[in-house]
Amino acid sequence: MNFTLLRYDSIDSTNLEAIRQAQGGADEGVCVTAGRQTKGRGRHGRIWVSEADAGLYFSLILRPKLETKFLPLITLMSAVAVFETLRKSGLNPDIKWVNDIHIGGKKICGILAETSETKKGLAVIVGIGINLKSTSISPELNDSATSVESETQKTIDAETLMQMLTRNLEKYYTLLEGENGAGAILEEWAKRSSYFFGKKVRVTLENEIVLGTTCGLEENGALRVKTLTKGVRIIQAGDVEMVRKI
Ligand code: BTN
């Protein structure tokens, strides 16, 4: 993949800019990064607080050739790439289903993948936000979020981190697009996530809460949760939290 990096000091959202670029015909491999975002987007319509230079705000345009049923695996692939980037930076990460990266139970990175129909076909935008400094975390999230700086006690060079991230994204995206790529990515994800098997969880769905123990992934990355009374439930989307007792 050829990477082209578009840098902004300040932008509404790197995901929104990547969508605009994709609509305008930008190729796979175009990346958008910004010093700060004024409308950083999180999952489920949440806001992603994006103070100047406190985090890495990065979006990549992909034009995947995958079968539609495997498109959700792009988020798992991205989580594996971020995991490796943080591990090489001296951290000990975990992937919380489906694509949050945690250190010691606290969130350090969020990933928001969005699709956009363009005249060149479907584009997938992978948006990655990594907390670099503790100033990237609003005080009410202090107990549930952390940053690279607080975990390593070092000032992190965002440029080096971004270079490692793009290399890892290229590596695991090539794996995903290759022969038996879906199975290979599921395997890579499973190796790096404590949520793959035997984790007691509470899943918040739109109209229901599911309690159970995780028991693997479906071929599209959906989470299998074994419940006490309703057999194995397949979770395609939902907020998953670890619990002590079910
Ligand atoms: C989440 O809710 O966990 C996902 C957060 C994703 C944030 C990143 S920051 C770069 C990119 N641009 C956005 O507006 N959001 C993503």
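Reference entry: report on the structure contained in this document. (Residues numbered from 1 in each chain as written. Predicted model: local features only at pLDDT ≥ 70, side-chain atom pairs only at ≥ 80, totals over all residues. Heavy atoms only, no water.)

Turning our attention to the site of the ligand. In the region of the ligand, 20 residues are neighbours, and Ser-13, Gln-37, Arg-41, Arg-43 and Lys-107 sit closest. In the model, an oxygen atom of the ligand is placed 2.7 Å from a nitrogen or oxygen of the Ser-13 side chain. Taking Arg-43, its main chain carries an N or O atom lying 2.7 Å from an oxygen atom of the ligand. Against a free-state accessible area of 420 Å², the protein chains account for coverage of 98% of the ligand. Contributions of two or more residues to the shell around the ligand are made by helix H1 (14-23), strand S3 (55-62), strand S6 (106-118) and strand S7 (121-131). Per-element accounting of the shell around the ligand gives the leading share, 4 residues, to S6. Of the residues that constitute the shell around the ligand, the class distribution is 6 nonpolar, 10 polar and 4 charged. (Near = heavy atom within 4 Å. Polar contact = N/O pair within 3.5 Å; in protein donor to acceptor, adjacent residues only side chain to side chain. Areas by Shrake-Rupley, 256 points an atom, 1.4 Å probe, with all protein chains shown as cover. Helix = DSSP H or I, 4+ residues; strand = E, 2+ residues; numbered from the N terminus. Nonpolar A, V, L, I, M, F, W, Y, C, P; charged D, E, K, R; others polar.)

What follows is about the pattern of salt bridges. Taken as a whole and judged by the stated rule, the model has 19 salt bridges. The partner of Arg-192 in a salt bridge is Glu-188, with the nearest N and O atoms 2.7 Å apart. Note that Arg-192 and Glu-188 are positioned in helix H5 (residues 181-192) at a spacing of 4 residues, about one turn of the helix. Since its relative accessible area comes to 16%, Glu-188 is described here as buried. Here Glu-208 makes a salt bridge to Arg-233, at a shortest N to O gap of 2.8 Å. You can see Glu-208 sitting in the loop between strand S8 (197-204) and strand S9 (209-217) and its partner Arg-233 sitting in strand S11 (residues 232-235), a full 25 residues away along the chain. Among the ionic contacts, a cluster of salt bridges with common partners joins Glu-84, Arg-87, Glu-188, Lys-191 and Arg-192. (Salt bridge = Lys/Arg side-chain N within 4 Å of Asp/Glu carboxyl O. Buried < 20%, exposed > 50% of the residue type's maximum accessible area, 1.4 Å probe, protein only.)

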